[in-house]
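Structural description and commentary
Given next are the chains, with one letter for each unit.
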Amino acid sequence: VRTRMEKDLPPRVENTVPPPTSSPFPMQSLMAPNVLAGARASYAAPNSRARLNCRNAMVTRRPNSGAMTTRAGKTPDGPKVAIAGISGAVGTEFMRVLVERNFPYSEMKMLASARSAGKSVDFDGESYVIEELTEASFDGVDIALFSAGGSISKKFAPLAAKKGCFVVDNSSAFRMDPDVPLVIPEVNPEAMAEYKWKGGTKKGGIIANPNCSTIIALMAVTPIHRAVGVKRMIASTYQAASGAGALAMAELEQQTRDVLNGDPVTMEIFSWQYAFNLFSHNAPMTDNGYNEEEMKMVKETAKIWGTEKVHIAATCIRVPVMRAHAESINLQLENELSEDDARELLRKAPGVSIIDDRKNNKFPTPLDASDQDDVFVGRIRRDISQQGNFGLELFVCGDQIKKGAALNAVQVAELLL
């Protein structure tokens, strides 16, 4: 894990491009040559690549980002925390974000399938043995971060909640359950106001993490919606391999190597060539012609904003990028908003940074957003197909593993404290 000292990080200013950030998953060889051998070790398994023993130096949040932070580290009076799905890409990122934000804990438990049980993982200066996820895993656990897939969440999250554990679930299993809050901390923290580790009315429960594309879009669009109202939103997404998991990331690298070497292209995760190509998102199609990923954005936005009046449509595309999503967003507004006023709203929004340098043609890219906490917004311009200032165009990039998954979940856990 690459670390940065806070003094080395650039100030949060408009119309500047952050220094290039090295991807945690560079394109040099990270795995054994044969097919996807070693992929879990390279991209997901908590090995030396994920040794998180540098709490004092680990700071990636830039000054003035505005996102909530609770700093305490390991402390006897902290909650007992478990990570379910530690061997996956998001599970590894959970560890990293917990260290970055000095999340308080008294005990830590690492959980995964039987296949990973018995392996060790280093976290915050200590070595932990991964335990098999069972019904007894959450005895005495206060907060559990889940990223083990929908079927695992459906089975174990309710059991954990009944035992008094607060579960922050990264799957889609409970997002549309009316009794489960769906939370982006910078957008709708009030949805989980009753959920507190100590002193709340809820004694355990489930809080759902939204879909990564929904989080990235609403971080940028919510400040505008609150100011002038959004009547209609059209989103086109360009989604990275990380959204499909560690093995998809490994396959993208392997396919790139195959193509450049003139070898047959390895296709074990997707049914299409991924390297040097793009394709409609691999989520299952629904009867209305939209795939499930697109409908997640529609339904989740309505729940988070608490309104069915905003008309939303999305087109989601998988692109050969490693870990940060990009989205082109078109808005029809209830009230007029100038480009300058929109830029000012976004400049003040917590967790949002602006890269919008027309003169030098500098706008957000997935590489800018990779390994960063903030969502980056640019191409802020009036929609010339609409009258007056009732239309706005945005281009948004955000790290899918971080703010789109692990960081958002840890911020939700911070709201429990």
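Refer to the structure above for everything that follows.
1. As for unusual backbone geometry
Across the chain, the bulk of peptide bonds are trans and the bulk of non-glycine residues have phi less than zero. Not every positive phi belongs to a glycine, and Phe276 is a case in point at roughly 60 degrees. Within the fold, Phe276 resides in the loop between helix 5 (246-261) and strand 10 (279-280). Positive phi outside glycine occurs at Asp371, with the angle close to 70 degrees. Within the secondary structure, Asp371 sits in the loop between helix 8 (366-369) and strand 14 (375-382).

2. Describing the sheet that holds strand 13 (residues 352-354)
Here seven strands make up an open sheet; going across it, the order is 10-11-9-12-15-14-13 and the pairing mixed. The outermost strands of the open sheet, each flanked by one partner alone, are strand 10 and strand 13. The pairing of strand 10 with strand 11 (residues 311-318) spans two bridges and is classified as antiparallel. Across the sheet, the residue bridging to Phe279 is Arg318, located in strand 11.

3. As for the packing of aromatic side chains
Within this structure, the stated rule accounts for eight aromatic pairs. Plain terms: the ring middles of Phe138 and Phe146 are 5.4 Å apart, the flat faces sit at 20 degrees to each other, and that makes the pair stacked. Judged on exposure class, the residue Phe138 and its partner Phe146 are both buried. Aromatic rings pair up to connect Phe270, Trp272, Tyr274 and Phe279 into one cluster. Above the plane of the ring of Trp197 lies Lys198, whose end atom (NZ or CZ) is 4.4 Å from the centre. The ring centre of Phe363 lies 5.3 Å from the NZ or CZ of Arg379, which sits over that ring.

Conventions used here
- Residues numbered from 1 in each chain as written.
- Predicted model: local features only at pLDDT ≥ 70, side-chain atom pairs only at ≥ 80, totals over all residues.
- Heavy atoms only, no water.
- Helix = DSSP H or I, 4+ residues; strand = E, 2+ residues; numbered from the N terminus.
- Pairing = 2+ DSSP bridges.
- Phe/Tyr/Trp six-rings, centres within 6.5 Å; stacked < 30°, edge-to-face > 60°.
- Buried < 20%, exposed > 50% of the residue type's maximum accessible area, 1.4 Å probe, protein only.
- Lys NZ or Arg CZ within 6 Å of the ring centre and 35° of its normal.

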